[in-house]
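Each chain is listed here by its residues.
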Amino acid sequence: MSVVILDFGSQYTRLIARRIRELHAYSVILPGRATVEQISRHDPQAVILSGGPASVLQPGAPHPDERLFDLNLPILGICYGMQYLVQRFGGRVIPTGTREYGRAVLTRHAGALFAGMDETEPQVWMSHSDAVVELPPEWRVTAETEDNPIAAVESPDGQLFGMQFHPEVVHTPQGKVILENFLRISGVPLDWTPERTLERLIAKVRERTDGGKKRVLLAVSGGVDSSTLALLLTRAGIEHTAVFVDHGLLRLNEREEVEQALLPLGVNLVTVDASERFISALAGITDPEEKRKVIGSEFIGVFREEARKRGPFHLLAQGTLYPDVIESAGSEGSASIKSHHNVGGLPDDIGFDLLEPFRYLFKDEVRRLAALLGLPDELGQRHPFPGPGLAIRIIGEATPERLRILREADALFISALKEWGLYKQTWQALAVLTPVRSVGVVGDERRYGYILALRAVTSVDGMTADWARLPHDFLDFVASRITRRIPEIGRVVYDITSKPPATIEWE
Ligand code: XMP
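As the structure is a prediction and not an experimental result, all values here were calculated from the model.

S.K.: Could you give me a rundown of the overall build of the protein chain, with the residues and numbers involved?
M.R.: What the protein chain contains, in helices and strands, is 14 helices and 18 strands. Relative to its length of 507 residues, the protein chain is compact, with a C-alpha radius of gyration of 26 Å against a globular reference of 23 Å. Along the longest, intermediate and shortest principal axes, the C-alpha atoms of the protein chain span 80 × 60 × 40 Å. Residue burial in the protein chain is summarised as follows: out of 507 residues, 55% are buried. Taking the contacts inside the protein chain whose residues are at least 6 apart along the sequence as the reference set, 76% of them involve residues at least 24 apart. Across the protein chain, the mean location of the 56 positive side-chain charges is 4 Å away from that of the 67 negative side-chain charges.

What follows is the structure, given as structure tokens:
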């Protein structure tokens, strides 16, 4: 059973899904125009219509499959979703001429969705340019703000709800109470716990592999997702070959760490040393997208070879996560920012069926599974690391010499973060080697060294990120440690850009 979220293009849709899962109900995001058949496949118990940039007043404005209403499910419309519901049931929406954006206060609230909310005027987050001015027959207003006499509505049968504000964002501090009430009214089971998830996943992978009869090839990157997948398959008793490609773009000691973590846990791990192949394919390449493409195609080449050597295999297992799925499905009109290449990004024409048990999970959910499955903390709590490795952290050509310098700098930065107890507080930290050199002085000597940039961010899922406010004393410590130990680096700078507008990686 699930809560189906129909996405009309709001930047907050993913947050709705997260909030629902944080309340221990399973949620999936489908495109706003999904058919009833597609929706029904997820066994919905309730539906949420997201906000979105369109106006219900525009001709051709997106709307859900009309037959959705025959399912008689509780529906919550947020912002655009509310305006759609109101219009659909005979109320009236008008353009306000301006965009109401920001904090507002509920001066009055009533009804089942608001039960248990603090009585003192709760703060909510608005972001809309159309407004409801007339209710559908017999509907009632359940909340109002100073500027907005119709801020939330409810249908006479208590099954359809709408709100002009966003309960899913942190700026609506009691939004979780509202969503929890909606789940309670809908009777959605609150059993989305790591333990239940694990049970379900084990059952699912056993089913997909015919009880373990089908042979599985698994691409392992050393990251949390694919390592956890290796453990899941092992726990489910499914025979598989986990291939770890050392592309020569790994972090210091990474290969040994991955082997030491996975081998004792019974994972059938094969390490392929393909570093020479990758490094020579990268020679002379400076363009970020071209680097990613070259690395992606080398990965595929190595995998095809291994599959041929060790096969036959029926299934290719990948640690693909929900954000990757949402991203590549792309909401209407979303732009491609970078071509992400990871081992979880092998193309499906590689000749196998895909087994992607985590394709509906967020990273923090996988981390909880990792802990349940006994993945050592060292690996489970590891910062994310991109599939193309250090190559996309070297601006310009990724030569062996630059890789060596960056690998050392990265290790010094990360180990210092751990020593200072700052590693777990940051979502990701990295060093970037720029091709820019600057003048310095060491003793009485002139030094003409590279500029190294350090970057650390806080984030929930990597989709947005804030630069981490690392203590100045720490930054001072790292900068002097790096410039002391790596003579090729003349200067260290700290990146203070958030995402957006920047991305986490530099390339
Ligand atoms: P960006 O740089 O897009 O990164 O803000 C968001 C998160 O994704 C990681 N990343 C990648 N991961 N293959 C991966 O497996 C890739 O090609 C790739 N590019 C970026 C990045 O490290 C961050 O955690």
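Back to the text.
S.K.: If you had to explain helix α9 (residues 288–310) to someone new, which residues and values would you point to?
M.R.: With 23 residues, α9 extends 33 Å between its outermost C-alpha atoms, agreeing within 8% with the 33 Å of an ideal straight helix rising 1.5 Å per residue. N-capping of α9 is provided by Asp287, with a side-chain oxygen placed 3.3 Å from the backbone N of Glu289.

S.K.: I'd like a rundown of the sheet that holds strand β10 (residues 216–220), residues and numbers included.
M.R.: Spatial ordering of the open sheet is given by β12-β11-β10-β13-β14, a layout of five strands whose pairing is parallel. Both outer strands of the open sheet, β12 (269–273) and β14 (353–355), are each paired with one neighbouring strand and no more. The mean angle between the axes of side-by-side strands here comes to 30°, regardless of whether they run parallel or antiparallel. Its contacts with the sheet put helix α6 (residues 224–235) on β10, β11 (240–246), β13 (315–317) and β14, and the angle it makes with β10 is roughly 150°.

S.K.: Can you break down the packing of aromatic side chains residue by residue, with the values?
M.R.: In this structure the tally under the stated criterion is 13 aromatic pairs. A centroid spacing of 6.4 Å and a plane angle of 35° characterise the contact between Phe413 and Phe474, whose relative ring orientation is tilted. With Phe413 in helix α13 (residues 400–419) and Phe474 in helix α14 (residues 472–485), this pair connects stretches of sequence that are 61 residues apart. Of the two residues examined, Phe413 and Phe474, each falls in the buried class. Here the aromatic cluster, defined as three or more aromatic residues joined through ring pairs, consists of Phe69, Tyr84, Phe89 and Trp139. In this structure, Arg88 packs its charged tip against the face of Phe69, placed 4.5 Å from the ring centre.

S.K.: Just give me the short version of the domain arrangement of the protein chain, but keep the residues and values in it.
M.R.: Each assigned domain of the protein chain is listed here: domain 1 (2–186), domain 2 (194–380) and domain 3 (399–494). Between the C-alpha centres of domain 1 and domain 2 the distance comes to 37 Å. Between domain 1 and domain 2, the contact holds ten residues from the first and eleven residues from the second. Counting each side, the surface lost to burial between domain 1 and domain 2 is near 970 Å², with a carbon and sulfur contribution of 48%.

S.K.: Before we move on, could you go through α6 and cite the residues and values that matter?
M.R.: For α6, which comprises twelve residues, the first-to-last C-alpha distance of 16 Å matches the rise-based estimate of 16 Å (1.5 Å per residue) to within 8%. If you check which residues of α6 are buried, you get Val224, Asp225, Ser226, Ser227, Thr228, Leu229, Ala230, Leu231, Leu232 and Leu233. Directly beyond the C-terminal end of α6, a positive phi value near 75° is found at Gly237.

S.K.: Can you break down the packing of helix α5 (residues 194–208) against α6 residue by residue, with the values?
M.R.: Orientation of α5 relative to α6, taken along the N-to-C sense of each, is 70°, at an axis distance of 9 Å. Regarding the angle of α5 to α6, the classification is roughly perpendicular. Of α6, the residues touching α5 (which contributes Leu198, Leu201, Ile202 and Val205) are Leu232, Leu233 and Arg235. The class makeup of the residues in the contact of α5 with α6 is six nonpolar, no polar and one charged.

S.K.: Can you tell me about the sheet that holds strand β1 (residues 2–7), naming the residues and giving the values?
M.R.: Taken together, the nine strands give an open sheet; going across it, the order is β2-β1-β3-β4-β9-β8-β7-β5-β6, and neighbouring strands pair in mixed fashion. Two strands in the sheet have a free side with no partner beyond their single neighbour: β2 (27–31) and β6 (123–134). Across the sheet, the mean angle from the axis of one strand to that of its neighbour is 30°, orientation sign disregarded. Where strand β7 (residues 140–145) meets strand β8 (residues 152–154), three bridges bridge the pair, whose relative direction is antiparallel. Along β8, the bridge assignment pairs Arg140 with Glu154. Running at roughly 120° to strand β4 (residues 75–78), helix α3 (residues 80–88) makes contact with β3 (44–49), β4, β5 (92–109), β6, β8 and β9 (160–163) of the sheet.

S.K.: Break down the confidence of the model for the protein chain for me, citing the residues and quoting the values.
M.R.: Mean pLDDT over the protein chain works out to 91, with 95% of the residues at or above the 70 mark. Every residue in residues 330–337 scores below 50 in pLDDT, and together they form three contacts with partners more than four places removed in sequence or on other chains.

Reading the values: rules and limits
- Residues numbered from 1 in each chain as written.
- Predicted model: local features only at pLDDT ≥ 70, side-chain atom pairs only at ≥ 80, totals over all residues.
- Heavy atoms only, no water.
- Helix = DSSP H or I, 4+ residues; strand = E, 2+ residues; numbered from the N terminus.
- Rg over C-alpha atoms; globule rule 2.2 N^0.38 Å.
- Buried < 20%, exposed > 50% of the residue type's maximum accessible area, 1.4 Å probe, protein only.
- Contact = heavy atoms within 4.5 Å.
- Lys, Arg positive; Asp, Glu negative; His and termini not counted.
- Charge placed at Lys NZ, Arg CZ, Asp CG, Glu CD.
- Expected span 1.5 Å × (residues − 1).
- Polar contact = N/O pair within 3.5 Å; in protein donor to acceptor, adjacent residues only side chain to side chain.
- Pairing = 2+ DSSP bridges.
- Axes fitted to C-alpha atoms, helices over the stretch in contact; angles between N-to-C directions.
- Phe/Tyr/Trp six-rings, centres within 6.5 Å; stacked < 30°, edge-to-face > 60°.
- Lys NZ or Arg CZ within 6 Å of the ring centre and 35° of its normal.
- Domains from an automatic or database assignment.
- Buried area = accessible area lost by both parts, 1.4 Å probe.
- Parallel < 35°, antiparallel > 145°, perpendicular 65-115°, else oblique.
- Nonpolar A, V, L, I, M, F, W, Y, C, P; charged D, E, K, R; others polar.
- pLDDT = per-residue confidence, 0-100.

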